[in-house]
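Chain by chain, the residues:
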Amino acid sequence: MTFTFPKDFTWGTATASYQVEGAIREGGRTASIWDTYCAVPGNILDGSSGEFACDQYHRYLEDIKLMQELGVGAYRLSVAWSRIVPEYGGPVNQEGIDYYRRVLEALHEAGIKPAVTLYHWDLPQYLEDRGGWVNRETALRFADYVAVLVHEFGDLVDTWITLNEPWCSAYLGYGNGAHAPGLRDHAKALAAVHHLNLAHGLAVKAIRAELGERAKVAVTLNLAANVAETETPEDIAAKHRADLMANEVFLGPMIDGTYDPEIFEVTKHVTDWSFIQDGDVEIAHQPIDALGINYYSTNHVRGCVAADAGSFAGDRHANAMPAQENVETLPPTGELTAMGWNQEPKALTALLCELSERWPDLPIVITENGSAWDDEVSEDSAAPDGLIVHDPHRVAYLNAHVQAVADALKAGANVTGYFAWSLLDNFEWAYGYTKRFGIIRVDYDTEARIWKDSAFRFRDIVRANAI
């Protein structure tokens, strides 16, 4: 049975600066933590970096044309901080401002609304040299950088997204070293959690100071979809603990204006949280116009004794978070994506309904959803440039998860948009170029864009506004 989405439902695609732009030494840009991290042998699976990526820095007009052909009404992109403020203390780089102005104006001319992520992991290296997100000053410098962007682009941006997945920035960057800057220190990870919360609040205040109530502001969280394996008290407790450290550390300060006291209790062996200053939580707690959710898969958890704690072998998230001594994450089951992730679209429906029940007046946008598969290019005279990728697994994933959003809407969830991850195959962080999430393939030798069946399917969904 066909479900038609609301008339004002937003369909979009998403990318991130370091994953697609390339041109890391052009236009006045200086090094980010990912440039530094990629230069360390062994950090990136294929030894690559974002040096060239998808070359969107030069090819953005081509990519905007692709978006027009897809029919999407919005594009989520991120700004590279070190293109805007290349050196500690400034000055602002006019070349960087001019570049993003050209991109934003081209999107407007194409009738596509820009949703700008202000921080998508590529912290300037000069700030990491001063402690990065472990240092409170980084949050203050973030607010300065945001103020510059809002002043320059206030009328060109539809939605401002303060942070992308602070869970990854804090826990993978500082907790287990799986992401830049590659540190392994749970106390530093928790300091990063708090300073990211603070940075979010300061950014919202900076946006509102310039634009007032006409600004649309959001934050994107990758809330863990933790599923208790059974209804036993031990497994329920394991889910609660995982939720507490993965989700509530961000939801509490940002949306409710408080840290759950249990967070402090279960982590007192790690840190005394003395980096929280008076007024910080009030700053983090700012009114937002939407909550962005990135969703890919679930984690099935069960209770365990401390000796068995941690995630299953091979999981890059293992040992990222502290206070997981009673949590065992089970290996995923069913058909797995190329990332080794499971597929459980019903959990997306449940998550959206749960969030809307908790905060009924807060619109939710799926800011990322997609899947990686091992694609192959085929010749097809009817396809653009005579080439196509048949990706039935990605098409099936897309169908199932858009249907999951539809099911949430039918159940009363307040969902207002869906952004497919990703517009393009791109640099997949520690996996390099070995994983392809795009609905458009990128030939990294030529930078040619090649349509996939999933792109055609997404175009059909967008055109029909229905599933």
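Cut-offs used in this document
Residues numbered from 1 in each chain as written. Predicted model: local features only at pLDDT ≥ 70, side-chain atom pairs only at ≥ 80, totals over all residues. Heavy atoms only, no water. Helix = DSSP H or I, 4+ residues; strand = E, 2+ residues; numbered from the N terminus. Rg over C-alpha atoms; globule rule 2.2 N^0.38 Å. Contact = heavy atoms within 4.5 Å. Areas by Shrake-Rupley, 256 points an atom, 1.4 Å probe, with all protein chains shown as cover. Lys, Arg positive; Asp, Glu negative; His and termini not counted. Charge placed at Lys NZ, Arg CZ, Asp CG, Glu CD. Salt bridge = Lys/Arg side-chain N within 4 Å of Asp/Glu carboxyl O. Buried < 20%, exposed > 50% of the residue type's maximum accessible area, 1.4 Å probe, protein only. Pairing = 2+ DSSP bridges. Axes fitted to C-alpha atoms, helices over the stretch in contact; angles between N-to-C directions. Polar contact = N/O pair within 3.5 Å; in protein donor to acceptor, adjacent residues only side chain to side chain. UniProt positions renumbered as here; feature names shortened; annotations may be inferred. Parallel < 35°, antiparallel > 145°, perpendicular 65-115°, else oblique. Left-handed = near helix turned anticlockwise from the far one by under 90°. Disulfide = S-S within 2.5 Å. Core = buried A, V, L, I, M, F, W, Y, C linked by side-chain atoms within 4.5 Å.

**Student:** Can you explain the overall build of the chain? Please cite residues and give values.
**Tutor:** Along the backbone of the chain there are 15 helices and 15 strands. For 467 residues, the compact-globule estimate of 2.2 N^0.38 gives 23 Å, and the chain sits close to it at 21 Å. By principal-axis analysis of the C-alpha atoms, the chain measures approximately 60 × 55 × 45 Å. The long-range share in the chain, meaning contacts at least 24 apart out of those at least 6 apart in sequence, stands at 77%. For the chain, the exposed area adds up to about 17,900 Å²; of that, 51% sits on carbon and sulfur atoms. Here the chain carries 36 positive and 67 negative side-chain charges, and the mean point of each set is 3 Å from the other.

**Student:** Go over the pattern of salt bridges with me, naming the residues and quoting the values.
**Tutor:** Side chains bearing opposite charge may pair, as long as their charged atoms lie close to each other. Taken as a whole, this structure holds 27 salt bridges when the rule is applied. Here Lys216 ties to Asp158 by a salt bridge, and the two come within 3.0 Å at their closest N and O atoms. You can see Lys216 sitting in the loop between helix 9 (186-211) and strand 5 (217-221) and its partner Asp158 sitting in the loop between helix 7 (136-153) and strand 4 (159-164), a full 58 residues away along the chain. Residue Lys216 is classed as partly exposed on the basis of its relative accessible area of 38%. Arg358 is paired through a salt bridge with Glu248; the nearest N and O atoms lie 2.7 Å apart. Of the two residues, Arg358 sits in helix 13 (residues 345-358) while Glu248 sits in helix 10 (residues 233-256), which places them 110 residues apart along the sequence. Note on Arg358: relative accessible area 34%, which makes it partly exposed.

**Student:** Any details on the sheet that holds strand 8 (residues 299-303)? Residues and values, ideally.
**Tutor:** Overall, mixed pairing links the three strands, which are arranged 6-8-9 in an open sheet. A single partner strand is all that each edge strand has here, and the edge strands are strand 6 (226-228) and strand 9 (327-329). Averaged over neighbouring strand pairs, the angle between their axes works out to 40° when direction is ignored. Bridging between strand 8 and strand 9 involves three bridges; their strand directions are antiparallel.

**Student:** Go over the environment of Ser78, please, and point to the residues and values.
**Tutor:** Mapped onto the fold, Ser78 is located in strand 2 (residues 74-78). A relative accessible area of 2% places Ser78 in the buried class. Taking the C-alpha atoms as reference points, Ser78 and Val395, separated by 317 residues in sequence, lie 26 Å from one another. Polar contacts involving the side chain of Ser78 include one to the main-chain amide nitrogen of Ser17, which spans 2.7 Å.

**Student:** Describe the UniProt feature "binding site: substrate" (unreviewed entry) in the chain, and please don't skip the residues or the numbers.
**Tutor:** Mapped onto this structure's residue numbering, the UniProt feature "binding site: substrate" (unreviewed entry) falls at Gln19, His120, Asn164, Tyr296, Trp421, Glu428 and Trp429. Looking at where Glu428 falls in the secondary structure, it is placed in the loop between strand 13 (415-421) and strand 14 (440-443). Discounting chain neighbours no more than four positions away, the residues touching Glu428 are Gln19, Met339, Trp421, Lys435 and Phe437. With respect to the helices and strands, Trp429 occurs in the loop between strand 13 and strand 14. Taking relative accessible area as the criterion, Trp429 reaches 4% and is therefore assigned buried.

**Student:** Residues and numbers for the packing of helix 8 (residues 166-175) against helix 10, please.
**Tutor:** Where helix 8 meets helix 10, the axes come as close as 10 Å, and the angle between the chain directions of the two elements is 130°. As summarised for this structure, helix 8 and helix 10 are arranged oblique, according to the angle between their axes. Along this stretch, helix 8 crosses helix 10, giving a crossing that reads as right-handed. Of the residues in helix 10, those touching helix 8 at Pro166, Trp167 and Tyr171 are Met245, Ala246, Val249, Phe250 and Met254.

**Student:** Residue-level account of the UniProt feature "active site" (unreviewed entry) in the chain, with values.
**Tutor:** Per the UniProt record, "active site" (unreviewed entry) is annotated on Glu165 and Glu368. On the basis of their most widely separated C-alpha atoms, the annotated residues across 204 residues gather in one place, lying no more than 10.5 Å apart. By secondary structure assignment, the location of Glu165 is in the loop between strand 4 and helix 8. For Glu165, the residues in contact, after removing those within four places along its chain, are Trp121, Thr220, Asn222, Asn294, Tyr296 and Glu368. Turning to its location among the elements, Glu368 is positioned in strand 10 (residues 364-368). The exposure class of Glu368 is buried, given its relative accessible area of 4%. With sequence-adjacent residues up to four places away left out, Glu368 is seen in contact with Arg76, His120, Asn164, Glu165, Ile293, Asn294, Tyr295, Tyr296, Phe419 and Trp421. There is a polar contact of 3.0 Å between the side chain of Glu368 and the side chain of Arg76.

**Student:** Could you give me a rundown of the sheet that holds strand 10, with the residues and numbers involved?
**Tutor:** Strand pairs in the sheet, formed through backbone hydrogen bonds, run parallel or antiparallel to each other. Taken together, the eight strands give a closed barrel; going around it, the order is 1-2-3-4-5-7-10-13, and neighbouring strands pair in parallel fashion. For this sheet, the mean inter-axis angle between neighbouring strands, taken without regard to orientation, is 25°. Here strand 7 (residues 290-294) pairs with strand 10 via four bridges, running parallel. By the bridge assignment, Gly292 is partnered in strand 10 with Val365. This element, helix 9, spans strand 4 and strand 5 of the sheet and lies at about 165° to strand 4. Against the sheet, helix 10 touches strand 4, strand 5 and strand 7, its axis set at about 170° to strand 5.

**Student:** Can you lay out the state of the cysteines for me, pointing to particular residues and giving the numbers?
**Tutor:** In the structure shown here, the tally under the stated rule is zero disulfides. Unpaired in this structure, Cys54 has its nearest cysteine sulfur neighbour in Cys38, at a distance of 14 Å. Given the relative accessible area of 0%, Cys54 is considered buried.

**Student:** Provide a residue-level description of the nonpolar core, including the pertinent values.
**Tutor:** Counting residues in hydrophobic clusters, the biggest one holds 143 residues, and the most contacted among them are Trp34 and Phe142. Per-element accounting of this core gives the leading share, 14 residues, to helix 9. The contacts of Trp34, once residues within four sequence positions are left out, are Tyr18, Ile44, Trp121, Asp122, His179, Ala180, Phe427, Trp429 and Ala430. By size, the runner-up hydrophobic cluster in this structure holds 17 residues, among which are Ala14, Ala16, Ala74 and Tyr296.

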